[in-house]
Amino acid sequence: MCSSTRPSIWTTKELRAQGYTKRAIADLVASGRLRRARRGVYAWQDACDDAFTAAEHGGSLGCTDAAEHLGLWLLPPPEDESAEPTPRPGPHVWMRADRHQYAHSDCASVPHWDAGDCRDAFGLPSVTQVLEQVYRCRGAEQFFVALESARRQNLILGKALAVLRSALDAVGRDLVDFSRADADSGLESLVRLRLRRHGISVRTQVDVYGTGRVDLVLDGWLLIEADGKANHDGESMRHKDLVRDANAASWGLTTLRFDYAMIIYDWDLVERAILGMLATRA
Ligand SMILES: [Zn+2]
Ligand SMILES: [Zn+2]
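Residues numbered from 1 in each chain as written. Chains lettered and ligands numbered in written order. Predicted model: local features only at pLDDT ≥ 70, side-chain atom pairs only at ≥ 80, totals over all residues. Heavy atoms only, no water.

Where an unreviewed UniProt entry is consulted, the chain appears under the name AbiEi antitoxin N-terminal domain-containing protein, with the organism given as Microbacterium bovistercoris.

Novice: Could you clarify how one ought to interpret the coordination of the zinc ion (ligand 1) in this entry?
Specialist: Coordination angles at a metal have ideal targets, namely 109.5 degrees for four tetrahedral donors and 90 or 180 degrees for six octahedral donors. At this site the zinc ion (ligand 1) is bound by Cys63 (SG), His92 (ND1), His112 (NE2) and Cys137 (SG), with donor distances of 2.0 to 2.3 Å. Binding-site remark: the zinc ion (ligand 1) is held by donors from one chain whose sequence spacing is C-x28-H-x19-H-x24-C. Linking histidine 112 in strand E6 (residues 110-112) with cysteine 137 in helix H5 (residues 127-152), this pair joins segments that are 25 residues apart in sequence. With relative accessibility at 11%, the residue histidine 112 sits in the buried group. (Donors = N, O, S within 2.8 Å, 3.2 Å for Na, K, Ca; no water. Helix = DSSP H or I, 4+ residues; strand = E, 2+ residues; numbered from the N terminus. Buried < 20%, exposed > 50% of the residue type's maximum accessible area, 1.4 Å probe, protein only.)

Novice: Help me understand the UniProt feature "domain: AbiEi antitoxin N-terminal" (unreviewed entry) in the chain in this model?
Specialist: Under the feature "domain: AbiEi antitoxin N-terminal" (unreviewed entry), the UniProt entry names residues 11-43. Overall, residues 11-43 shows 48% helix and 27% strand. The separation of its end C-alpha atoms is 9 Å. (UniProt positions renumbered as here; feature names shortened; annotations may be inferred.)

Novice: What's the story with the sheet that holds strand E2 (residues 34-38) in this structure? I'm lost.
Specialist: Consider a sheet: its strands pair through backbone hydrogen bonds, and that pairing is either parallel or antiparallel. Pairing is antiparallel in the open sheet, where three strands are placed in the order E1-E3-E2. Two strands in the sheet have a free side with no partner beyond their single neighbour: strand E1 (9-11) and E2. Adjacent strand axes in the sheet meet at a mean angle of 35° when their direction is disregarded. Pairing of E2 with strand E3 (residues 41-44) involves four bridges; the strand directions are antiparallel. Its bridge partner being in E3, leucine 34 is matched across the sheet by tryptophan 44. In the packing of helix H3 (residues 49-57) onto the sheet, contacts are made with E1, E2 and E3, and the angle to E2 comes to roughly 40°. (Pairing = 2+ DSSP bridges. Axes fitted to C-alpha atoms, helices over the stretch in contact; angles between N-to-C directions. Contact = heavy atoms within 4.5 Å.)

Novice: Mind showing me how you'd approach the environment of tryptophan 221 here?
Specialist: Here tryptophan 221 lies in the loop between strand E8 (212-218) and strand E9 (222-227). With relative accessibility at 10%, the residue tryptophan 221 sits in the buried group. Not counting residues up to four positions away in its chain, the partners in contact with tryptophan 221 are Leu253, Thr254, Met277, Leu278, Thr280 and Arg281.

Novice: When you look at helix H11 (residues 267-279) in this model, what are you seeing that I'm missing?
Specialist: An α-helix turns once per 3.6 residues; consequently, residues spaced three or four apart project the same way. Here H11 spans 18 Å end to end across 13 residues, near enough to the 18 Å set by a 1.5 Å rise per residue. Buried residues of H11: Trp267, Val270, Glu271, Ile274 and Leu278, and no others. Relative to the axis of H11, the buried residues are bounded by an arc of 95° and lie together on one face. Exposed residues lying more than 90 degrees from the buried face of H11 are Asp268, Arg272 and Ala279. Lining the buried residues of H11 we find helix H8 (186-196), E8, E9, strand E10 (254-259) and helix H10 (260-265). (Expected span 1.5 Å × (residues − 1). Arc of directions from axis to C-beta.)

Novice: Please clarify how the coordination of the zinc ion (ligand 2) should be interpreted in this entry.
Specialist: Those protein atoms acting as donors to the zinc ion (ligand 2) are His57 (ND1), His104 (NE2), Cys107 (SG) and Ser109 (OG), and they sit at 1.9 to 2.7 Å. Viewed at the metal, the four donor atoms of the zinc ion (ligand 2) are separated by angles of 95 to 124°, and the geometry they form is tetrahedral. Sequence spacing among the residues donating to the zinc ion (ligand 2) works out to H-x46-H-x2-C-x1-S. Of this pair, histidine 57 sits in helix H3 while histidine 104 sits in the loop between strand E5 (92-94) and E6, and the two are 47 residues apart along the sequence. Judged by relative accessible area, histidine 57 falls into the buried class, the value being 4%. Note on histidine 104: relative accessible area 15%, which makes it buried. (Tetrahedral: all angles 85-135°; square planar, octahedral: opposite > 155°, others 65-115°.)

Novice: What is the right way to read the sheet that holds E5 from this model?
Specialist: Pairing within the open sheet is mixed, and its three strands lie in the order E4-E5-E6. Pairing within the sheet leaves two strands with one partner each, and these edge strands are strand E4 (60-61) and E6. Pairing analysis gives two bridges linking E4 to E5, with the strands arranged antiparallel. For leucine 61, the partnering residue across the bridge sits in E5 and is valine 93. Its contacts with the sheet place H5 against E5 and E6, and it is angled at close to 135° to E5.

Next up, the structure:
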């Protein structure tokens, strides 16, 4: 996975405009520094395999694959219940409105046919366009998580956000309005979105006296900690968490702690735990 937003894929015409002669291009190909994706389209050595596949197919990375390159947080694909390993789906490919699809080996590409501006023939779509693609292709939750992570990183600001909003349907516009620029993680975004339908009052990143910063506080007394993969492993972190929870309890606050796998793969249980706990003081 490369994380460059600058395309490493160029047409012959673009390479010539950058000063590479025909001869220089041929030499670069011969030395392995340039890879030929198809006729008239070349990838620098550092282009990732997905970007290369997209170029073979006739476009550039789009949708969730472009979002990943832009550094946006994404939900993992649903866990496969069957034991059979499923082949990884090909990249989501932005074909603009008018590209041709090309046959190539092992094609599993998911094409996206939407017009948009991009200076480079094989550049990534804009953040606004990527988010719109994610909304249409991958649904509300994936979109919301990617959107809040884009806002958090200042990758989409006022005017672009308004452009995005106006391109969406009523559900999408509502998600834009509900989104914030200070979500601390994709997990937090997801939990906030999922709790919304229950009409629970949710505050995020709250400084709780004696405890410190808490991810989410529900109805003023139920603290929800969404533990990411890395931060809470090991004995000393566990001790710190226990001290936090005890401090909170001494102030009459209850802590529920969920990890990444529970929130992503066992939401029913997480939701029942939260609603059950809230009901005790209803
Ligand atoms: Zn897609
Ligand atoms: Zn393909």
